[in-house]
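# A closer look at the structure
Here's the letter readout for the chains.
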Amino acid sequence: MQLNTLLKAMAVSIPLLTLAACSSTSESELDSSSSTSQAGQETGLTNNGVETGGVAPMLSPEEQQKQKLENLRKEHIIYFDFDRSDIQPQFAEIIQAHGEYLLEHPNVRVLIEGHSDERGTPEYNIALGERRAQATAKYLQSMGVQPSQLTLVSYGEEKPLDLSRTDEGFGKNRRAVLVY
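Residues numbered from 1 in each chain as written. Predicted model: local features only at pLDDT ≥ 70, side-chain atom pairs only at ≥ 80, totals over all residues. Heavy atoms only, no water.

## As for the sheet that holds strand E3 (residues 150–156)
As summarised here, the arrangement of the four strands in space is E1-E4-E2-E3, forming an open sheet in which the pairing is mixed. Whereas interior strands pair on both sides, the edge strands pair on one side only; in this sheet they are strand E1 (77–79) and E3. Taking the axes of each pair of neighbouring strands and ignoring which way they run, one obtains an average angle of 20° across the sheet. Where E1 lies against strand E4 (residues 175–179), three bridges are found, and the strand directions are antiparallel. When the bridges of E4 are listed, Ile77 appears paired with Val177. Along the sheet face, helix H4 (residues 89–104) touches E1, strand E2 (110–115), E3 and E4 and points at about 145° away from the line of E1. (Pairing = 2+ DSSP bridges. Helix = DSSP H or I, 4+ residues; strand = E, 2+ residues; numbered from the N terminus. Axes fitted to C-alpha atoms, helices over the stretch in contact; angles between N-to-C directions. Contact = heavy atoms within 4.5 Å.)

## Quick notes on the environment of Thr136
Here Thr136 shows up in helix H5 (residues 122–142). For the pair formed by Thr136 and Ile78, sequence separation is 58 residues and the distance between their alpha carbons is 8.3 Å.

## Quick look at unusual backbone geometry
The backbone of Asp83 sits at a positive phi, close to 60°, despite the residue not being glycine. Looking at the element boundaries, Asp83 is found in the loop between E1 and H4. Phi at Arg165 is positive, roughly 60°, even though this residue is not glycine. One can find Arg165 in the loop between E3 and helix H6 (167–173). On the accessibility criterion, Arg165 (57% relative accessible area) is exposed. (Buried < 20%, exposed > 50% of the residue type's maximum accessible area, 1.4 Å probe, protein only.)

## Regarding H4
With 16 residues, H4 extends 23 Å between its outermost C-alpha atoms, agreeing within 8% with the 22 Å of an ideal straight helix rising 1.5 Å per residue. Buried positions along H4 lie against helix H3 (61–73), E1, E2, H5, E3 and E4. (Expected span 1.5 Å × (residues − 1).)

## Details of the packing of aromatic side chains
Remark: the centre distance and the inter-plane angle together describe each pair of aromatic rings, the angle taken between the planes. The tally for this structure, following the rule as stated, stands at two aromatic pairs. Between the aromatic rings of Tyr101 and Tyr180, the centroid separation amounts to 5.8 Å while the plane-to-plane angle is 90°, which identifies the pairing as edge-to-face. Taken together, the positions of Tyr101 in helix H4 and Tyr180 in the segment after E4 put the pair 79 residues apart, joining distant regions of the chain. Owing to a relative accessible area of 23%, Tyr101 belongs among the partly exposed residues under this scheme. Residue Tyr180 is classed as partly exposed on the basis of its relative accessible area of 44%. One Lys or Arg, Lys159, reaches over the ring of Tyr155 and ends 4.1 Å from the middle of that ring. (Phe/Tyr/Trp six-rings, centres within 6.5 Å; stacked < 30°, edge-to-face > 60°. Lys NZ or Arg CZ within 6 Å of the ring centre and 35° of its normal.)

Encoded structure:
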């Protein structure tokens with residue numbers, strides 16, 4: 001009889017053990033899965049690690065142009081050929097981007113520094129740096145930028161960007177710099 005009672009007790013406790021063994025997720029697992037699910041929703045990921053909503057919105061042509069101008073304004077140096085002060089076509093877009101910014105912000109002023117390489121006399125290089133700064137200013141003024149927003153200075157050969165005395169170094173020193 002004792003064996004029978006024992007078997008009945010075991011039969012009753014086995015389903016309870018099975019039920020306990022197959023119980024639902026514990027509270028700590030629920031908490032971590034809840035936070036993972038929330039983080040996944042914030043980053044666009046589902047529980048399976050699949051990204052959803054990952055397509056960036058299309059920019060309108062106006063927004064694309066604005067972004068392009070912002071990127072161009074990050075460049076603030078206009079380079080010149082040897083013994084020249086005319087604006088080269090590859091730098092026109094940079095000056096135009098700065099000009100549009102100045103037109104949109106009439107209270108902003110910019111200093112235009114003219115520079116040259118060290119070849120030539122100091123007096124000649126000061127005059128050449130002045131012509132480079134003036135050429136940049138004239139371009140901006142032709143766009144409608146007010147002369148009161150522009151200040152010009154020539155440093156000639158006094159503030160070289162590159163001291164290497166190579167053709168490449170001289171090329172870096174022949175410049176106009178827009179300083180806000």
